[in-house]
Structure formats: C-alpha cells, structure tokens
Amino acid sequence: MWAAEEDNCDEYEKQLHRERELIGNFSLLEQEGMRFRRHHNTKETAVDILTALMAELPNEKTISARGRLVIAVIGATRAGKSSFVSALTGDHSIMEEASTTMDDIKEYEVHINGEPVIVIDTPGLDYRPSDREAVFKQLAAWLKAQARLIRRPRIYLDGIVVVHPIVPDDRTGNLIRQSFLIDQSNTLFGDRKSIYDKKDDSAYHRVVLATTMWDKPGIDRQRVEEQEKDMLKREWNIMQAAGAPMMRFENTPESAMRILERIVEERKADDPKYQFRRMRTGIEAIQDDINLLHQELEGIRHGQTELRNGQEALKRLPEWDRVIERVTNIE
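- Labelled according to an unreviewed UniProt entry, the protein appears under the name G domain-containing protein, originating from Leucocoprinus leucothites.

Structure (structure tokens):
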C-alpha cells in the first residue's frame, strides 16, 4: 500500500512515519534477526522479498548449532586440517575432497564424551593477510547464519584448533601470528577482554596448537622435538602464557580426540550451565549413596526385629525353662 513518492509527497511522508513506528514496535524481533522489506504491489518487489527469504533459508546439509559446541579447525593449506577432521569423524572421503583447494568451510558432527560437537573445517590460511582475514570472515558469517537458524541474537565459537606441521615447508610457512589470532578470536569468542589485559583469558584455554606430520617418513624425532620446543618458545609464547596449550596430532583418532576432549572440558569448566550440571550430578550421586545407606539401615532394623521376635517365640515354648536349666548345668 505504498504511495508513490512523486505522486503524493505528504502521504509518502506519513507512510514513512508509520513504518518507523511499526519497526519500533518490532524492535525485539529485529534484534533476533527479523528483516523488514517493502512491497510496492509490483512483481519486482515481491520477487525481491522472496529472494531475501530464500537467502535466509539454511542449506539442507547445514548442521544446526543448537545444543552443540562449535570448534573451528584452522591452519595453512596442507597443514593437516582435513587429516585431523577425518581422524575425528572416521570419514576418509574428507581426505579425497581435500586433495583440491577448499574455498568454503564445511561442518561435521562428532561426539566427545557424550557432548555433540560441530567441527568446522576451514580453507587454508595462506600467505596474504587478506586470505587469512577472509577465513575468519567466513567463520563469522557461518556463526551469524547459525544464529538466525536457531533464532538467537548471536553465537560464538567454543574452541579453536590451530593445526601446524612440526616440519613446515614452503607452502605452510610460519605459524599464524599470535597477535592476528588474538584479534580474530576475541571477536569469534565474544566480547572478551584481550589477553594482553590479563583480565579475562579463560577463553584462550580453549585454543589448542596441534602440531602435525609426526608420522612423516624419515622424520628425525629428536630434532623435531627440539623444533617443537623452539616453536613453543618463539611463536606460541603469548598464547601459552594465556593458557593455550600445544598438543600433538599424530594422525590417529586417539590423538585427535584428546585435543577436542581438552577443549570440551575447558568449555564445561567455563560455563555455569555445565558447572550446574556437574554439581547436580554430584548431588544425585550423594543422594544415591544416602538411599543405599537407608536401605542397609532398614535391613539392620529388620534383622533386629526378626531376632527379637525369635527370642519372644522361644520364651513362649513350654520347655523353655528346662532348656535354660540344662544349658546352665552344662556350662
């Protein structure tokens, strides 16, 4: 019912005013992701509205983040990201897909100690800063789309696995700069203080540097272990001081699981919801112990009652006094 601006300026201004009032009335829904579009009673505007709606619909293969932890796997091309995800999921086709350059992020679902987790495989963090920024922008866009999907104002990452080969080549280059990682993860983890401030660095306990290529043929184990120490000292020192560990991915499901278990447990320790659940589990365990003690006490009481009943029955026997006398004489 929009009036043409050039036909009736006064009516158009009134409609603009009513539109602003209407949007104000739906401000809470707008914060949740609701969008406003104008329909001018034309085919073009109708198509625009439907196109916008279609763009908001999730892909049928998209995994919902509702009730799931979200952990991103980042690193340079050929650093071992897809090997890590393949080891977690047991899906070897991931390695075949990774043989070509990956341009989009892909999500997979795994379960860590009973917790459903979405693992996000990302494109390579290559040489140019713009490429590295693009990967984090893709992550931010994915999180934003998930927030719309589950109708929440926003969601954040629960952890990051930084994959880097213990013996880097010309393609993988050096480890991602810590300052860049800090700036990006501050946004993806939520509105937290920088770890430089030392005020809120608990989120960085959920960033793990996973060194890879430990199963590379002909590797000098002693030499690369020294390189690992040097990497920790020179390229991961700030993150380590903030609580971000370095762990080894040895191209096995067990080593991949250990890394994610570390992140999941840190996430639980940092979340009141999980703390409450753990406390409730502890209370339930104590209650079970109390119930067992009550059952044992009831058993003891029942035994005492049976003993007293038996004694009373013996006393009512006609020969009871003689039995007592005989026992006394024997003694």
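Back to the text.
### Examining the overall build of the protein
Here comes step 1: When helices and strands are counted, the protein shows twelve helices and six strands.
Here comes step 2: For the protein, buried positions account for 34% of its 331 residues.
Here comes step 3: Restricting the contact set of the protein to residue pairs at least 6 apart, pairs at least 24 apart contribute 66%.
Here comes step 4: Accessible surface computed for the protein: about 21000 Å², of which carbon and sulfur atoms make up 51%.

### Comments concerning the pattern of salt bridges
Here comes step 1: Under the definition given, this model contains ten salt bridges.
Here comes step 2: Among the ionic pairs, Asp-158 bridges to Arg-267, the shortest N-O distance being 2.5 Å. Taken together, the positions of Asp-158 in the loop between α6 (129-149) and β4 (159-165) and Arg-267 in helix α10 (residues 253-270) put the pair 109 residues apart, joining distant regions of the chain.
Here comes step 3: You can call Asp-158 buried: its relative accessible area is 9%.
Here comes step 4: Among the salt bridges present, the one from Arg-262 reaches Glu-266, with a minimum N-O distance of 3.6 Å. One end of the pair, Arg-262, and the other, Glu-266, are both in helix α10, four residues apart, so they sit about a helical turn from each other.

### Here's the deal with the pairing of strand β2 (residues 106-112)
Here comes step 1: Pairing of β2 with strand β3 (residues 115-121), which is carried by seven bridges, proceeds in the antiparallel orientation. Pairing of Val-110 across the sheet is with Val-117, part of β3.
Here comes step 2: Hairpin remark: β2 followed by β3, antiparallel, with two residues in the connecting loop; positive phi at Asn-113, about 50 degrees.

### Things to note about unusual backbone geometry
Here comes step 1: Residue Arg-78 is not a glycine yet carries a positive backbone phi of 65 degrees.
Here comes step 2: Note on Arg-78: relative accessible area 56%, which makes it exposed.
Here comes step 3: Unusually for a residue other than glycine, Asn-251 sits at a positive phi of about 60 degrees.
Here comes step 4: The residue Asn-251 is located in the loop between β6 (246-248) and α10 in this model.

### Considerations on the side chain of Gln-178
Here comes step 1: Within the secondary structure layout, Gln-178 lies in helix α7 (residues 178-188).
Here comes step 2: Side-chain polar atoms of Gln-178 contact the backbone oxygen of Glu-235, separated by 3.2 Å.
Here comes step 3: Separated by 2.9 Å, the side chain of Gln-178 and the backbone nitrogen of Ile-238 make a polar contact.
Here comes step 4: Setting aside its immediate chain neighbours within four residues, Gln-178 contacts Arg-234, Glu-235, Trp-236, Asn-237, Ile-238 and Met-239.

### With respect to the packing of helix α4 (residues 81-89) against α10
Here comes step 1: Direction vectors running N to C along α4 and α10 enclose 95 degrees, while the axes themselves pass 8 Å from each other. Accordingly, the angle class assigned to the pair α4 and α10 is roughly perpendicular. Touching Phe-84, Ala-87 and Leu-88 of α4 are Pro-253, Ala-256, Met-257, Ile-259 and Leu-260, all from α10.
Here comes step 2: When the residues that make up the contact of α4 with α10 are grouped by side-chain class, the tally is eight nonpolar, no polar and no charged.

### Observations regarding α10
Here comes step 1: Over its 18 residues, α10 runs 26 Å from end to end, which matches the ideal 26 Å to within 8%, given 1.5 Å per residue.
Here comes step 2: Among all positions of α10, only Ser-255, Ala-256, Ile-259, Leu-260, Ile-263, Val-264, Arg-267 and Lys-268 are buried.

### Structural notes on the packing of aromatic side chains
Here comes step 1: This model, assessed by the stated rule, comprises two aromatic pairs.
Here comes step 2: With centroids separated by 5.3 Å and ring planes inclined at 80 degrees, the aromatic side chains of Phe-84 and Phe-249 adopt a geometry described as edge-to-face. Note that Phe-84 is positioned in helix α4 and Phe-249 in the loop between β6 and α10, a separation of 165 residues in sequence. Each member of the pair, Phe-84 together with Phe-249, is buried.

### Section: the pairing of strand β1 (residues 69-75)
Here comes step 1: Counting buried positions along β1 yields seven of seven residues, so the element is predominantly enclosed.
Here comes step 2: Covered by surrounding structure in β1 are Leu-69, Ile-71, Val-73 and Gly-75 together with Val-70, Ala-72 and Ile-74, the residues of both alternating faces.
Here comes step 3: Taken together, the five bridges between β1 and β3 define a ladder with parallel strand orientation. Counted as the bridge partner of Leu-69 is Val-117 from β3.
Here comes step 4: Bridge count between β1 and β4: five bridges; the pairing is parallel. Each bridged residue has a counterpart across the sheet, and for Ala-72 the counterpart in β4 is Ile-160.

About the cut-offs
Residues numbered from 1 in each chain as written. Predicted model: local features only at pLDDT ≥ 70, side-chain atom pairs only at ≥ 80, totals over all residues. Heavy atoms only, no water. Helix = DSSP H or I, 4+ residues; strand = E, 2+ residues; numbered from the N terminus. Buried < 20%, exposed > 50% of the residue type's maximum accessible area, 1.4 Å probe, protein only. Contact = heavy atoms within 4.5 Å. Areas by Shrake-Rupley, 256 points an atom, 1.4 Å probe, with all protein chains shown as cover. Salt bridge = Lys/Arg side-chain N within 4 Å of Asp/Glu carboxyl O. Pairing = 2+ DSSP bridges. Polar contact = N/O pair within 3.5 Å; in protein donor to acceptor, adjacent residues only side chain to side chain. Axes fitted to C-alpha atoms, helices over the stretch in contact; angles between N-to-C directions. Parallel < 35°, antiparallel > 145°, perpendicular 65-115°, else oblique. Nonpolar A, V, L, I, M, F, W, Y, C, P; charged D, E, K, R; others polar. Expected span 1.5 Å × (residues − 1). Phe/Tyr/Trp six-rings, centres within 6.5 Å; stacked < 30°, edge-to-face > 60°.

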